[in-house]
2 protein chains.
Amino acid sequence: MKKVYMDHASATPVRKEVIDAMMPYFGEKFGNPSTIYDIGSEIKKDIDEQREKVATLIGAEGKEIIFTSSGAEANNLAIKGVAVAKQKKGDHIIISAIEHHSVLNSARYLERTGFEVTFLPVDEYGLVSPARLAKAIRPETILVSIMHANNEIGTIQPISDLSAICREKEIVFHTDAVATVGNIPVDVNDLGVDLLTISGVSLGAPKGIGALYFRKNTRLMPLIHGGIQERGRRGGTENVPGIIGFGKASELAMEELPENMNHVRKLRDRLISGVSERIEQVKLTGHPEKRLPGHASFCVQAIEGEAMLIMLNVKGIYANTGSACASKALKTSPVLVAIGLSADLAQGSAVFTMNRTNSIEDIDYILTELELSVKKLRSLSPIWREKAAA
Amino acid sequence: MKKVYMDHASATPVRKEVIDAMMPYFGEKFGNPSTIYDIGSEIKKDIDEQREKVATLIGAEGKEIIFTSSGAEANNLAIKGVAVAKQKKGDHIIISAIEHHSVLNSARYLERTGFEVTFLPVDEYGLVSPARLAKAIRPETILVSIMHANNEIGTIQPISDLSAICREKEIVFHTDAVATVGNIPVDVNDLGVDLLTISGVSLGAPKGIGALYFRKNTRLMPLIHGGIQERGRRGGTENVPGIIGFGKASELAMEELPENMNHVRKLRDRLISGVSERIEQVKLTGHPEKRLPGHASFCVQAIEGEAMLIMLNVKGIYANTGSACASKALKTSPVLVAIGLSADLAQGSAVFTMNRTNSIEDIDYILTELELSVKKLRSLSPIWREKAAA
């Protein structure tokens, strides 16, 4: 049976080049980088080399990179680390209503400890308006966090416009760029951000590695207190193989970015136009142009998304309903509610995220199977049959 | 040249069986465990299997294990997670004076946020006295954290005596067992602890994985807020290959524990007696009997420890001065100060941690080279020459 994996935003196979780069660091190069003898201290240089590679991918300097265990940890470090470090200056934080759970729940935690949090609404495409951000800012605002692109609807935010407003008022600006780094060009100076979250997983590095970019002089309380690792900013023995893999994956992403973008954009456009031609009453979610090149997301009327994805799964197609981290108990996606969809329509969500390994044939296979699945599910739906009869 | 690696407490090569177990999870089994389709959701079962293996090694149940990125993260989660969750009940915490940096600096951080912390002194062997702990407890004490064994001096604490005092008063008891799990039998029920920290590194699992055992009903605020992973207790995509490796390493540790203990105890005893026979004015640090079976630590009078270790390094011997995480700027180890050593003597610290791969020949090689190094360094030491002349 044909297999088409299109959930690269949730996980992607570790690339062979990355595995090859990592392998020596499990066995022969196993030393602890904090030790003074050669087989330990040599690893420290190797780590710093990867730091440079990750930094290069986002236009930063090596010393502005803190390695973490995931994008989620980097988001927690950014939100809680800045809030605690700047608490004396103010107690107000602004995030968008469609942030990843690791930002959202960090902000909610801070709310319970005495901070005030404003959750900025988004428009029907998921965009945050700079004017609305400007209005939400108060004298006691210390931190704004708005994600670069949303993993569920693919919309890319006007980060440089948003950060400019904050820079002027000396408010720290963080962006969760897990969905963009490696998929579109990302430059911390063009974006004008103080902090930026990256995850290894979406680049083809192994699970268990991420990073936080922090601009020089950004004050940050560690999330994991400990020893001298990461220059005192993150305790615990470094995940050396993960860091090596992350560096290699960043290098590959940098080299291949223009070609990969071009490739997935063609696939995405074919999927979006194919779906709208072949399936009636389906809504593209997110912005039609300001979206990730390899991201197509839909809500299909009168369909239960999970049932649709399980039917596709049976046909060897792997797609998502939204965020892999969302609670399974949570019936309606907060992101889809935030862009104004009815709970009914939001139920029929399907998200396809593609990468360089996908092909035109993959898209055509999805179109055929998706059309069949929707037909079958709708034939079983009382709501749909009523409508058809009317 | 002969190579003798004896810093297994800082890092140890990932075992071949562990690498073999992990490998499929980089490539073919790459799915995100939180997804609904088969290639993702199947991984969740694999993770829970490893959870059982890690739990078995410490006499716990799988659902009492939270996977983290390191022992340091688990220590931070235990200390800060309990303190914040129980803040309404009280604001006093007790730790020993010789805890790992991740416990020590978490407690110091809490001190700055309004908690009171008592740092319990230790005796000349590094032991915490149950009577002293009982005296330090106040009505507002919510948490006690005392490490199972110290990585720098090898002393094993009387945890069950200490925890019994806390249990009676309904105070949460945490132990950092990074130095013991896999090296001596560890059972959370025998120890009577509510929380226990494990690290993968010391078991031959890869860097980047650890775990916190938490007894049912122990309230804990997450350190990394996020999605549904680890049943809401730790956000971020699971480090699947790391978890698989950790499970395999736990399984092997369980099988081999009695044999390995026996083996390293013989090596340790040969090293300790050889050093005391061949080198004058050297002090065994830590307890002579209540110590880790594979741990030998000394302070050599009139010697600069780093110089000694670098000389050994040249001869292919890898040992440590103390904790790999200690600041290189820190001239005197707080642990050695806590057991009452003079700053002078504490300078000459050397720590050897052995495992099943070490041999009698390794010990004899160390004894020869250590004796030579000490002689050479002392011949250059004005203090030593004065003494010899006197």
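Further up the page is the structure itself.
Below you will find a few notes about this structure. The structure displayed is predicted, hence computed values, not measured ones.

In this structure, I58, L133 and L196 of chain A together with I58, L133 and L196 of chain B are the most contacted members of the largest nonpolar core, which totals 134 residues. When sequence neighbours within four positions are dropped, the list of residues in contact with I58 of chain B reads I65, V181, V186, D187, V188, L196, I198 and Y213 of chain B. Counting residues in each nonpolar core, the second largest holds 54 residues, with L104 of chain A together with A74, I142 and L212 of chain B among its members.

With that settled, consider helix α8 (residues 240–278) of chain B. Taking 1.5 Å of rise per residue, 39 residues should cover 57 Å, yet α8 of chain B covers just 48 Å from first to last C-alpha, more than 12% shy of that figure. Measuring from the backbone nitrogen of G242 of chain B back to the side-chain oxygen at the start of α8 of chain B gives 3.0 Å, which picks out N239 of chain B as the cap.

A separate point is the environment of P139 of chain B. All names here are of chain B. Note that P139 resides in the loop between α5 (130–136) and β5 (141–145). Among the residues examined, P139 registers a relative accessible area of 78% and is labelled exposed. As a C-alpha pair, P139 and K169 span 30 residues in sequence and 8.8 Å in three-dimensional space.

A separate point is the packing of helix α8 (residues 240–278) of chain A against helix α12 (residues 360–379) of chain A. Residues and elements named next belong to chain A. Two elements in contact, α8 and α12, have axes separated by 10 Å at closest approach and are oriented at 20 degrees. The pairing of α8 with α12 is recorded here as roughly parallel in orientation. Crossing hand, α8 versus α12: right-handed. Within the contact between the two elements, α8 uses L267, R270, L271, G274, V275 and R278 and α12 uses I360, I363, D364, I366, L367, T368, L370 and E371. Residues of the contact of α8 with α12, tallied by class, amount to eight nonpolar, two polar and four charged.

Further remarks concern the interface of chain B and chain A. Each partner contributes residues to the interface: chain B has 67 residues there, and chain A has 67 residues. In total, about 5,300 Å² of surface goes out of reach between chain B and chain A, with carbon and sulfur atoms giving 65% of it. Three residues, F26, K207 and H225 of chain B, lead the burial of chain B against chain A; their summed loss comes to 14% of the area buried on that side. Counting across the interface, chain B meets chain A through zero salt bridges. Where chain B touches chain A, the interface holds 22 residue pairs in polar contact (both at pLDDT 80 or more). When residues of the side of chain B that touches chain A are traced back to their parent elements, those giving at least two are α1 (16–22), α2 (38–57), α3 (71–85), α4 (101–112), α8 and α9 (305–314) of chain B. Counting residues per element, the side of chain B that touches chain A draws most heavily on α4 of chain B, which supplies six residues. Residue composition of the side of chain B that touches chain A, by class: 31 nonpolar, 26 polar and ten charged.

Within this structure, the stated rule accounts for 36 salt bridges over all chains. When the shortest N-O distance is used, the salt bridge between D362 of chain A and K2 of chain A registers 3.3 Å. Of this pair, D362 of chain A sits in helix α12 while K2 of chain A sits in the segment before β1 (4–5), and the two are 360 residues apart along the sequence. Taking relative accessible area as the criterion, D362 of chain A reaches 7% and is therefore assigned buried. For K2 of chain A, a relative accessible area of 35% gives the class partly exposed. Across the pair D194 of chain B and R167 of chain B runs a salt bridge, and its minimum N-O distance is 3.3 Å. Taken together, the residues D194 of chain B in the loop between α7 (188–191) and β7 (195–199) and R167 of chain B in helix α6 (residues 159–168) connect sequence positions 27 residues apart.

Procedures and definitions
- Residues numbered from 1 in each chain as written.
- Chains lettered and ligands numbered in written order.
- Predicted model: local features only at pLDDT ≥ 70, side-chain atom pairs only at ≥ 80, totals over all residues.
- Heavy atoms only, no water.
- Core = buried A, V, L, I, M, F, W, Y, C linked by side-chain atoms within 4.5 Å.
- Buried < 20%, exposed > 50% of the residue type's maximum accessible area, 1.4 Å probe, protein only.
- Contact = heavy atoms within 4.5 Å.
- Helix = DSSP H or I, 4+ residues; strand = E, 2+ residues; numbered from the N terminus.
- Expected span 1.5 Å × (residues − 1).
- Polar contact = N/O pair within 3.5 Å; in protein donor to acceptor, adjacent residues only side chain to side chain.
- Axes fitted to C-alpha atoms, helices over the stretch in contact; angles between N-to-C directions.
- Parallel < 35°, antiparallel > 145°, perpendicular 65-115°, else oblique.
- Left-handed = near helix turned anticlockwise from the far one by under 90°.
- Nonpolar A, V, L, I, M, F, W, Y, C, P; charged D, E, K, R; others polar.
- Buried area = accessible area lost by both parts, 1.4 Å probe.
- Salt bridge = Lys/Arg side-chain N within 4 Å of Asp/Glu carboxyl O.

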